[in-house]
Amino acid sequence: AVVSTQSTGAVGGVFRLREGKTKCHVMPGFSCTPLRTDEDINGWLRFYEMSAPLVHTSVFVSRDPGLDLRLEHSHCFSEHGDGGHYHFDTTPDTVWYEGYFNLAERIVRIDAPEETHLIGRD
């Protein structure tokens, strides 16, 4: 594990989509061909519009302190079968979120990749 001592803010928690819809993706399984570009990734992923209620686990960091972190990452699940990686809401006039977050005392990266890239980061 790598522990950062630099000044970076981070929060983690849970938010619930009480009303509205969101764009999410699900990975269909390992790709048989290399994914080298954002277009490759977006062609491989399966995108869906998902409906409330959805429960999301999420983390936000103010910057990457050299640990190869994404600045935001959220996944969701539901009791009605929807779930995946959250992108954004698709019904801005009717969406209703409720969230519970807490500040992190430290940032720890477990199993950092030996090689990295910026592909697929949004």
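Coordinates for the structure precede this section.
Note that the coordinates shown come from a computational prediction; the quantities given were computed from them, not determined experimentally. (Residues numbered from 1 in each chain as written. Predicted model: local features only at pLDDT ≥ 70, side-chain atom pairs only at ≥ 80, totals over all residues. Heavy atoms only, no water.)

1. Brief notes about the pattern of salt bridges
Across all of its chains, the model carries two salt bridges by this definition. The closest approach of N and O atoms between Arg-16 and Glu-98, which form a salt bridge, is 3.1 Å. Highlighted residues: Arg-16 in strand S2 (residues 10-19) and Glu-98 in strand S8 (residues 96-103), separated in sequence by 82 residues. Here Glu-98 makes a salt bridge to Arg-18, at a shortest N to O gap of 2.9 Å. Of this pair, Glu-98 sits in strand S8 while Arg-18 sits in strand S2, and the two are 80 residues apart along the sequence. Accessibility expressed as a relative area gives 30% for Arg-18, which makes it partly exposed. Each of the salt bridges in this network shares a partner with another, and the network as a whole consists of Arg-16, Arg-18 and Glu-98. (Salt bridge = Lys/Arg side-chain N within 4 Å of Asp/Glu carboxyl O. Helix = DSSP H or I, 4+ residues; strand = E, 2+ residues; numbered from the N terminus. Buried < 20%, exposed > 50% of the residue type's maximum accessible area, 1.4 Å probe, protein only.)

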